[in-house]
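# Analysis of the macromolecular model
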Amino acid sequence: MKRTTVSLIAGTAALAAVTGFATLSSPQAAGTARTAAELPVERTSLLCPSPSTSDIAETSYTSFTPVTKEAGSGGRAELQAAAEESDGKSKAKGKGKGKKAGKPVLEPQEPGKPATGDTSGGDAPALVGTAEGKFAPGWTVQETTEVAAGSGRGLQGVNCSAPDTEFWFPGASTAADRTDYVHLTNPDDSAAVVDIELYGKDGALDSTLGEGITVAPHSSDPILLSTLTEEKQENLTVHVNVRSGRVGAAVQALDDKLGGDWLASSTDPSGSLVLPGIPKDATAVRLVAFAPGESDADLKVQLASPSGLITPAGNETLHVKAGMTASADLGDVTRGEAGSLVLTPTDTSVPVVAALRVVRGKGGDQETAFIPATRPVGTRATVADNSAKGTTLSLTAPTRGATVKVTASAGSGGGEAVSKTFTLKAGTTQNVEAPTPTGLKGTYALTVEHVSGGPVYGARTLAATEDGVPGFTIQTLPNDRSMVAVPDADEDLSVLQK
């Protein structure tokens, strides 16, 4: 979570095990604090945006929870329309899509095995999911949509995300051939108030319509960016700031010629960023970056290739003016090899956010996906909805060598889990030969666990060619935050409030 402040009082240790409500750390205060225990989270929420307005869209949902030690034996998980309570009673709707009470889209039966559900047509609602007990630690839900024709045709995918209070989306657009929506989903019983700010190459765009947007309880609003400003800009950074409440947010970017996909939010502003998993056959890669502070940023641009870090010719650095969106066209930067982009400060470190727009194919057979800067895998990360063909797992170790364990779960329709271990050299990216479940039936999840060495970043590409059009979508693998530090009951909690 981003910048969450939590006040602790006696008796709230259990709350600390709820994802999205408390994240604790244990500062080294002399004579007062001990190392807090790491326990599995007990409750978590995920929000899935309304997938498509196309009548020919086909959307699948895949839920997966890795088996986690000490997670207990009880609990449940379910994914429902945003306008429904978990008990099936209809909630008030906002401007966005919803549907009347009905059975959940999916209800996982056990950790370690994916659960799937699907919808068709353009009336599919946004979904709100809740997982408790053994289903909560590392819970992952993937939304994948196939659109056969029209604007945004191709494969669109997004990891359903946790509600939050701030999001950055570099890589959005209001250009004539783009139709971009910011989807805002409110999972709570009270309204959320949201500001949407747009930043182009010359700074903030004039817009009063993005201020004070109310998202009703248990509803979802798709906000068309072109209704917030009259300016047509090819490269924009969208800042979603929640004044009250919390929302889930994602940008759906639809292109008349280049297909479309979901643009997930960039990780928090940072001086150094990693954007993993550029397809080796990418024909065009564009870097979009934004510096939200008051200082300009000068970034060193490097590609982590299978053989090490290299500098793209003609794009050695990128200057990002404060409050302005900068971009650089990197062309076919990977040149047939696996690659990830690594951004580091040339001198003074200035926080930035960034994303890549990636194009595969040529001529009329082109398709687009996006790669936001992301957090490292950390202890563990998972991505769902993988298939025996068309799945590529990309891992990069930008600073030091590392070892990871990759586990393919049981299939949604049958099969047994399989694990493999991989060693990554410093400064490299590998498209690893990830395992597939023995006797696979259906789809499966891939879980990456850090074993040793430096930080590892990952991304998964799903590809499916329809009528010669190379549809694909890319999801990053940030840490699943399945564990939380909880102090002992007799510990002095005052040091943990700082």
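These lines cover the structure that appears in this document, whether it is placed above or below. (Residues numbered from 1 in each chain as written. Predicted model: local features only at pLDDT ≥ 70, side-chain atom pairs only at ≥ 80, totals over all residues. Heavy atoms only, no water.)

## Here's the deal with the overall build of the protein
Looking only at helices and strands, the protein has zero helices and 37 strands in total. Looking at the protein as a whole, 55% of its 498 residues qualify as buried. Relative to all contacts within the protein whose residues are 6 or more apart in sequence, the contacts with residues 24 or more apart total 80%. Within the structure as shown, the protein displays about 20,200 Å² of accessible surface, and the carbon and sulfur contribution to it stands at 48%. (Helix = DSSP H or I, 4+ residues; strand = E, 2+ residues; numbered from the N terminus. Buried < 20%, exposed > 50% of the residue type's maximum accessible area, 1.4 Å probe, protein only. Contact = heavy atoms within 4.5 Å. Areas by Shrake-Rupley, 256 points an atom, 1.4 Å probe, with all protein chains shown as cover.)

## Overview of the pattern of salt bridges
One pass over the full model with this rule turns up 11 salt bridges. For D188, the salt bridge goes to R246, with nearest N and O atoms at 2.9 Å. Linking D188 in the loop between β10 (178–186) and β11 (192–200) with R246 in the loop between β15 (236–244) and β16 (248–255), this pair joins segments that are 58 residues apart in sequence. Residue E234 is joined to R286 by a salt bridge in which the shortest nitrogen-to-oxygen separation is 3.0 Å. With a gap of 52 residues between them, E234 in the loop between β14 (219–224) and β15 and R286 in strand β19 (residues 284–290) connect regions that are remote in the sequence. Note on R286: relative accessible area 10%, which makes it buried. (Salt bridge = Lys/Arg side-chain N within 4 Å of Asp/Glu carboxyl O.)

## Considerations on the layout of surface pockets
Volume-wise, the second largest pocket comes out at about 470 Å³. In terms of lining, the second largest pocket is formed by 22 residues, of which the most central are P66, V67, T68, R380 and E449. For the lining of the second largest pocket, the secondary-structure elements that each account for two or more residues are β29 (402–408) and β34 (444–453). Here the element with the most residues in the lining of the second largest pocket is β34; it accounts for three residues. Taken together, the residues that form the lining of the second largest pocket break down as seven nonpolar, nine polar and six charged. (1 Å grid on protein atoms, 1.4 Å probe; cavity = no way out; pocket = protein on both sides within 12 Å on 5 of 7 lines; lining within 4 Å. Points joined across faces, edges and corners; volume = space filled by probe spheres on them. Nonpolar A, V, L, I, M, F, W, Y, C, P; charged D, E, K, R; others polar.)

## As for the sheet that holds β14
Pairing in this open sheet of four strands is antiparallel, and the strands run β14-β10-β16-β17 from one edge to the other. Sheet topology places β14 and β17 (259–263) at the edges, where each strand pairs with a single neighbour. On average, adjacent strands in this sheet sit at an angle of 20 degrees to one another, irrespective of strand direction. (Pairing = 2+ DSSP bridges. Axes fitted to C-alpha atoms, helices over the stretch in contact; angles between N-to-C directions.)

## Looking at the side chain of T443
Residue placement: T443 occurs in the loop between β33 (438–441) and β34. Non-local contacts of T443, meaning those with residues more than four positions away in its chain, are made with T62, P114, T116, D385, N386, A410, G411 and S412.

## Structural notes on the state of the cysteines
Inspection of every chain in the model, using the stated rule, returns one disulfide. The disulfide bridge from C48 ends at C160, spanning 2.0 Å between sulfur atoms. Across the disulfide from C48 to C160, rotation about the S-S bond amounts to roughly 110 degrees, and the bridge is consequently right-handed. Note that C48 is positioned in strand β2 (residues 43–48) and C160 in the loop between β8 (154–159) and β9 (166–172), a separation of 112 residues in sequence. In terms of burial, C48 and C160 fall into one category: buried. (Disulfide = S-S within 2.5 Å.)

## Quick look at empty space enclosed by the protein
If you walk through the whole model with that rule in mind, you get two cavities of 30 Å³ or more. For the largest cavity, the calculated volume is near 40 Å³. R178, A253, L254, D255, L258, G259, G260, R357, T368 and F370 are the residues that line the largest cavity. Here the element with the most residues in the lining of the largest cavity is β16; it accounts for three residues. Looking at the lining of the largest cavity residue by residue, the class counts come to four nonpolar, three polar and three charged. Roughly 30 Å³ of volume is contained in the second largest cavity.

## Overview of the side chain of S63
Tracing the backbone through its elements, the reader meets S63 in strand β3 (residues 58–64). For S63, a relative accessible area of 1% translates into the label buried. Looking at S63, its side chain comes within polar contact range of the side chain of W139, at 2.8 Å. Sequence-distant contacts of S63, that is, excluding residues within four places in its chain, are made with L106, P108, K113, P114, A115, W139, T140 and V141. (Polar contact = N/O pair within 3.5 Å; in protein donor to acceptor, adjacent residues only side chain to side chain.)

## Some points on the sheet that holds strand β6 (residues 127–132)
What the three strands build is an open sheet, ordered β2-β6-β4; its pairing is antiparallel. Edge positions in the open sheet fall to β2 and β4 (77–81), since each of these has one partner strand only. For this sheet, the mean angle separating the axes of adjacent strands, direction not counted, is 15 degrees. Two elements, β4 and β6, share five bridges in a ladder whose sense is antiparallel. Paired with E78 across the strands is T130, a residue of β6.

## Some points on the environment of Q233
Within the secondary structure, Q233 is located in the loop between β14 and β15. Given the relative accessible area of 10%, Q233 is considered buried. As for Q233 and S173, which are separated by 60 residues in sequence, their C-alpha atoms are 6.0 Å apart. The contacts of Q233, once residues within four sequence positions are left out, are S173, T174, A175, G200, K201 and L205.

## Here we look at the environment of G200
As for its position among the elements, G200 is in strand β11. The sequence separation of G200 and A326 amounts to 126 residues, and the corresponding C-alpha distance is 8.1 Å.

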